[in-house]
Structures are given as C-alpha cells and as structure tokens.
Amino acid sequence: MPLENLNNVHYTAAEKTAVGTALTALETALTAKLRNLSADERRKYGSINEQNKLVVNKALDYRNNQPGLSSPDVDWTEYQNDYDSRVFIQAAMARLQNLLDGLDNNRILHDNDNYQAALTDYGFSQYKAGTKAAGFESKVKDIAQFFNKSSSTPTTPA
C-alpha cells in the first residue's frame with residue numbers, strides 16, 4: 001500500500017497572504033533593475049565561466065591592492081559597482097533557489113498525496129460501479145480515460 005499523507009502540513013490563509021505580500025514586495029524591489037535579454041543577446045553575452053570569474057576577481061584584487069597597475073581606461077567605480085551587484089545577485093539567487101527547491105519538494109509531496117487519494121477514490125468508484133450504484137459507472141468511465149489502456153489497474157508515476 002502506498003504511503004499516504006506524505007505532507008499534511010498546510011498553509012493557512014494568513015501564511016498565503018504573507019507569502020504573496022513578500023513576493024509582491026520582492027517583485028517591486030527588483031522590477032526596475034531587471035532586464036530582458038533576447039535569445040541572441042543571451043548567447044552573445046552569455047555567462048562568464050569560472051575561469052573568467054577568476055580574471056575578474058584578480059583584476060579587482062590588483063585594483064584594490066596595487067591601483068598604480070590598473071588601467072586608467074577602466075571606470076573602476078563602475079567596475080566595483082558591477083562587481084558588488086553581481087555578488088548581491090548571486091547571493092539572492094542562491095537563497096531563492098533554496099526556497100524554490102523546498103517549494104518544489106513540498107509541491108511534489110502534496111501532488112503525491114492528491115494522486116494517491118484520487119486512486120483510492122477511483123478504486124472505491126470501481127467497486128461502487130460493480131454494485132450498480134447510480135452515477136459510478138460514468139465516473140469510472142470518465143476517470144479511466146487517464147490510465148494506460150493496456151493495464152487493468154492504474155499505475156503510480158515514478
């Protein structure tokens with residue numbers, strides 16, 4: 001028998017409202033700074049790889065420790081601002097990714113709970129349809145369309 005109610009911790013209306021409010025505040029705080037890149041722009045600018053991040057870090061290290069060796073053609077204030085923004089964004093993304101992973105895991109458990117309960121309900125409906133109880137034959141037929149025709153019983157997804 002499959003495990004049921006893998007996650008029976010649910011969100012209250014107040015918690016849902018708090019999350020929605022926090023997300024709205026986050027969107028409001030970030031929207032003015034966000035930029036949409038086309039597919040071509042994403043390919044053109046891409047993401048610097050780890051080796052190139054070392055170049056960026058080393059140039060900044062030299063700028064901070066031996067500024068006389070730095071090019072006068074570089075706007076070092078802008079360089080530092082870009083660097084600080086990147087560090088901030090990377091940290092924010094890591095925190096958001098942790099939240100996304102947790103939410104995704106939470107959703108998976110709730111989905112599984114719903115699916116297992118739906119299978120229990122379907123089995124009950126099959127039983128009741130076998131007793132000729134009114135309405136159950138059409139319910140079974142309606143739900144049966146979602147299952148593989150070659151199998152007589154529904155299968156649980158992996």
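Look a little higher up for the structure.
Everything in this summary refers to the structure shown in the same document. Worth saying up front: this structure is predicted, and the values here are computed from it rather than measured.

**As for the packing of aromatic side chains**
The relative placement of two aromatic rings is captured by the distance of their centres and the angle of their planes.
Reasoning step 1: A complete count under the given rule lists three aromatic pairs for this structure.
Reasoning step 2: Ring geometry for Tyr122 against Phe147: centres 5.0 Å apart, planes inclined by 35°, an arrangement best described as tilted. Here Phe147 lies in the segment after helix H5 (136-144) and Tyr122 lies in helix H4 (residues 76-130), a separation of 25 residues in the sequence. For the residue pair Tyr122 and Phe147, the accessibility class agrees, reading buried in each case.

**Comments concerning the pattern of salt bridges**
Reasoning step 1: For the structure shown, the criterion picks out six salt bridges.
Reasoning step 2: Between Lys53 and Glu50 there is a salt bridge, with its nearest N and O atoms 3.0 Å apart. One end of the pair, Lys53, and the other, Glu50, are both in helix H3 (residues 50-65), three residues apart, so they sit about a helical turn from each other.
Reasoning step 3: Owing to a relative accessible area of 18%, Lys53 belongs among the buried residues under this scheme.
Reasoning step 4: Note on Glu50: relative accessible area 56%, which makes it exposed.
Reasoning step 5: Here Asp121 makes a salt bridge to Lys139, at a shortest N to O gap of 2.7 Å. Taken together, the residues Asp121 in helix H4 and Lys139 in helix H5 connect sequence positions 18 residues apart.
Reasoning step 6: Judged by its relative accessible area of 28%, Lys139 falls in the partly exposed class.
Reasoning step 7: Shared partners join several salt bridges into a network, and the residues in it are Asp104, Arg107 and Asp111.

Calculation notes
- Along each chain, residue indices are assigned from 1 in the same order as the chain's sequence is written.
- In view of the model being predicted, local features appear only for residues whose pLDDT reaches at least 70, and side-chain atom pairs are presented and counted only at 80 or more, with totals across whole chains, interfaces and linings using the full set of residues.
- Just so you know, side-chain values use all the structure's heavy atoms and leave hydrogens and water out.
- Two aromatic rings, drawn from Phe, Tyr or Trp (for Trp, its six-membered ring), form a pair once their centres lie within 6.5 Å of each other, and the interplanar angle then sorts them: stacked below 30 degrees, edge-to-face above 60, tilted otherwise.
- The numbering of helices and of strands both runs from the N terminus, where a helix is a DSSP run of H or I of at least 4 residues and a strand a run of E of at least 2.
- Here's how the labels work: a residue is buried when its accessible area is under 20% of the maximum for its type, exposed when over 50%, partly exposed in between, all with a 1.4 Å probe on protein chains only.
- Only one rule defines a salt bridge in this text: a Lys or Arg side-chain nitrogen within 4 Å of an Asp or Glu carboxyl oxygen.

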